[in-house]
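The chain contents come next:
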Amino acid sequence: MQAFDAVVIGAGPAGLNAALVLGGARRRVLLLDGGPPRNAKATAAHGVFTRDGAPPVCLKTIGLEDLAPYPVSVLPGVAREARALPQGFAVRHDGGWVQARRLLFATGVRDILPNVPGLRERWGRTVHHCPYCDGWPNREAALGVLGSGQEGHHLALSVRAWSKRVTLLTDGPDELTEEQREDLARVGVPIFTGPILRFGGVDRVDVRFRRGGRLTLDAVFLNPTQQQNSTLPASLGCELNEKSRVVVNENGMTSVRGVWAAGDMTGAPQYVMSAAATGMIAAVSLNTTLIHEDVRKFGAAFHKSPGEETGEPPSGGEAS
Ligand SMILES: Cc1cc2nc3c(=O)[nH]c(=O)nc-3n(C[C@H](O)[C@H](O)[C@H](O)COP(=O)(O)OP(=O)(O)OC[C@H]3O[C@@H](n4cnc5c(N)ncnc54)[C@H](O)[C@@H]3O)c2cc1C
């Protein structure tokens, strides 16, 4: 079984940056790339330092290219199973088993969209969730917010900061308090409670209501619920919080020794830059534990790079 210092699972911004930092720290790393990042359906990513407006697929391509100088192997494929061993972990991916001293999960979350016909097809194009990501291209446009209760109120007020023309679509009873209705009235946000039949339109969103009537909007914002993409952290015993996010400390350590997590799957703010930042923080913390372990185990040879003759390789090496 091939052995690595760390297996990083997931090649979104968190996993790519974690692999970059670990590779730059001379660690032998396997990055398992299970597919496109969460924002793959979007045409452009915003709020991304030095790459504002780049298509998410380009960010990933650049992220993978940046790994080239480092001892990072990238394997396309999904991690299917993870087991704790007396010393480290074994991970089964589409091509077999590998061994790792440490694991870093960056597997992200899956958005669960409301069940309105025509909505899924428009996700990332004319249906969005985050005004910080997609507010600027839609500034002063005719915008809808799909939601009710506290979440609908909060998102409608946020989106209202980008455009004066915002309508709250509650798709049924609005579940708003009197105070929330007053807030919305104060900033001129009308509330449509009619159940929605479907979303249509190509460059704009044509909202058809069940009881007749339609509304044409430039874009719609909503707040999807989410699920973990991977059940492996939970299967290893990592604690999850009430929102099903993996609980980590400020260094990205999970409740299971030897396992780190970064990005959207934790409680971190869900943006490209935050995911990349938490990937770096987790990688530094993970590497620090390896340094301390290797100093105790190998003394002066602890820092030898992969492949150098050190007797027993401190950094990965081929396990039998
Ligand atoms: C439509 C949309 C638009 C967005 N726009 C913006 C924006 O403009 N600006 C911004 O800052 N943020 C934006 N975001 C948020 C941003 O996409 C996320 O915060 C960011 O992608 C999180 O990165 P991550 O690495 O944590 O997870 P992800 O990007 O979700 O990456 C996780 C990766 O892990 C892989 N994976 C899952 N399970 C496994 C497994 N078992 N084995 C191997 N791999 C696995 C997944 O396939 C995926 O590639 C947007 C999100 C959406 C949905």
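What you see as residue numbers is a count from 1 along each chain, following the sequence as written. Residue-level local features of this predicted model are given only where pLDDT is at least 70; pairs of side-chain atoms are given and counted only at 80 or more, and the full residue set underlies all totals for whole chains, interfaces and linings.

**Student:** For the site of the ligand, give the residues involved together with the corresponding values.
**Tutor:** In the neighbourhood of the ligand, 37 residues make up the surrounding shell, with Gly 10, Gly 12, Gly 34, Gly 108 and Gly 263 lying closest. Strands are runs of DSSP state E lasting at least 2 residues, helices are runs of H or I lasting at least 4, and numbering of each runs from the N terminus. When residues of the shell around the ligand are traced back to their parent elements, those giving at least two are helix 1 (13-24) and helix 7 (272-298). Near, for a residue, is defined by distance from a backbone-placed C-beta atom to a molecule or strand, with 6 Å as the limit that must not be exceeded.

**Student:** Residues and numbers for the sheet that holds strand 14 (residues 214-217), please.
**Tutor:** For two strands to be treated as a pair, DSSP must find no fewer than two bridges joining them. The 3 strands lie next to each other as 12-13-14, forming an open sheet whose pairing is antiparallel. The outermost strands of the open sheet, each flanked by one partner alone, are strand 12 (196-200) and strand 14. Adjacent strand axes in the sheet meet at a mean angle of 20 degrees, parallel and antiparallel pairs treated alike. Two elements, strand 12 and strand 13 (residues 205-209), share 4 bridges in a ladder whose sense is antiparallel. Directly across from Arg 198, in strand 13, lies its bridge partner Arg 208. Where helices are involved, their axes are fitted lines through C-alpha atoms of the stretch in contact, as for all axes, and angles between N-to-C directions lie from 0 to 180°.

**Student:** Give a detailed account of the packing of helix 1 against helix 7, specifying residues and quantitative values.
**Tutor:** In the contact formed by helix 1 and helix 7, the axes pass within 7 Å of each other and the chain directions differ by 35 degrees. Pair helix 1 / helix 7 crosses with right-handed handedness. Together, Pro 13, Ala 14, Gly 15, Asn 17, Ala 18, Val 21 and Leu 22 of helix 1 and Val 272, Ala 275, Ala 276, Thr 278, Gly 279, Met 280, Ala 282, Ala 283, Val 284, Leu 286 and Asn 287 of helix 7 make up the contact between the two elements. The residue classification treats Ala, Val, Leu, Ile, Met, Phe, Trp, Tyr, Cys and Pro as nonpolar and Asp, Glu, Lys and Arg as charged. All others, Gly included, are polar. Tallied by class, the residues present in the contact of helix 1 with helix 7 amount to 13 nonpolar, 5 polar and no charged. By convention the crossing between two helices is left-handed if the near helix lies anticlockwise of the far one by an angle smaller than a right angle, and right-handed if it lies clockwise. By the convention adopted here, residues make contact when the C-beta atoms placed from their backbones lie within 7 Å.

**Student:** So what's going on with the nonpolar core? Residues and values would help.
**Tutor:** Ranked by internal contacts, the top residues of the largest apolar core, which has 51 residues, are Val 7, Val 8, Ala 18, Leu 104 and Phe 105. Taken together, the elements giving at least two residues each to this core come down to strand 1 (2-9), helix 1, strand 2 (29-33), strand 4 (79-85), strand 5 (88-93), strand 6 (96-105), strand 17 (259-261) and helix 7. Look past the residues within four positions of Val 7 in its chain and what remains in contact with it is Leu 30, Leu 32, Val 91, Val 98, Ala 100 and Leu 103. The next biggest cluster of nonpolar side chains, apart from the first, holds 23 residues, and it includes Val 127, Leu 168, Ile 196 and Phe 199. Buried Ala, Val, Leu, Ile, Met, Phe, Trp, Tyr and Cys residues form a nonpolar core when they are connected through C-beta atoms within 7 Å. With C-beta atoms placed from the backbone, a residue is labelled by how many other C-beta atoms lie within 10 Å of its own: buried for 20 or more, exposed for 12 or fewer, partly exposed between the two.

**Student:** Hey, could you go over helix 4 (residues 149-160) for me, with residue numbers and the actual values?
**Tutor:** For a helix, the expected span equals 1.5 Å multiplied by the number of residues minus one. Helix length check: helix 4, at 12 residues, gives a terminal C-alpha distance of 16 Å against a target of 16 Å (1.5 Å per residue), a fit within 8%. All of the buried residues along helix 4 are Gly 152, His 153, Leu 155, Ala 156, Val 159 and Arg 160. Packed against the buried residues of helix 4 are helix 3 (131-134), strand 9 (143-146), strand 10 (166-169), helix 5 (178-186) and strand 15 (219-222).

**Student:** Give me the lowdown on the sheet that holds strand 9, citing residues and values where you can.
**Tutor:** What the 5 strands build is an open sheet, ordered 8-15-9-10-11; its pairing is parallel. Bordering the open sheet on either side are strand 8 (127-128) and strand 11 (191-192), each of which pairs with just one other strand. Pairing analysis gives 2 bridges linking strand 10 to strand 11, with the strands arranged parallel. Looking across to strand 11, one finds that Leu 168 is bridged to Ile 191.

**Student:** Would you mind going over the pairing of strand 13 in detail, with residue names and values included?
**Tutor:** Here strand 12 hands over to strand 13 after 4 residues, with Gly 201 in that stretch at a positive phi of 95 degrees. Pairing between strand 13 and strand 14: 4 bridges, direction antiparallel. Within strand 14, the position partnered with Asp 206 by the bridge is Thr 216. Hairpin geometry of strand 13 and strand 14 is characterised by an intervening segment of 4 residues between the two adjacent antiparallel strands and by a positive phi of about 95 degrees at Gly 212.

**Student:** Can you explain the confidence of the model for the chain? Please cite residues and give values.
**Tutor:** Put simply, the chain has an average pLDDT of 94, and 95% of its residues get 70 or more. This stretch, residues 309-320, has a pLDDT under 50; its non-local contacts, to residues over four places away or in other chains, come to 26 contacts. A residue's pLDDT is the confidence the predictor assigns to it, expressed on a 0 to 100 scale.

**Student:** Tell me about the domain arrangement of the chain, and please be specific about residues and values.
**Tutor:** Per the annotation, domain bounds derive from an automatic or database assignment of domains. For the chain, the assigned domains are domain 1 (2-110 + 225-303) and domain 2 (114-222). A C-alpha centroid distance of 35 Å is found between domain 1 and domain 2. Residue-level contacts link 6 residues of domain 1 with 7 residues of domain 2. Across the side of domain 1 that touches domain 2, the residue classes tally to 1 nonpolar, 4 polar and 1 charged.

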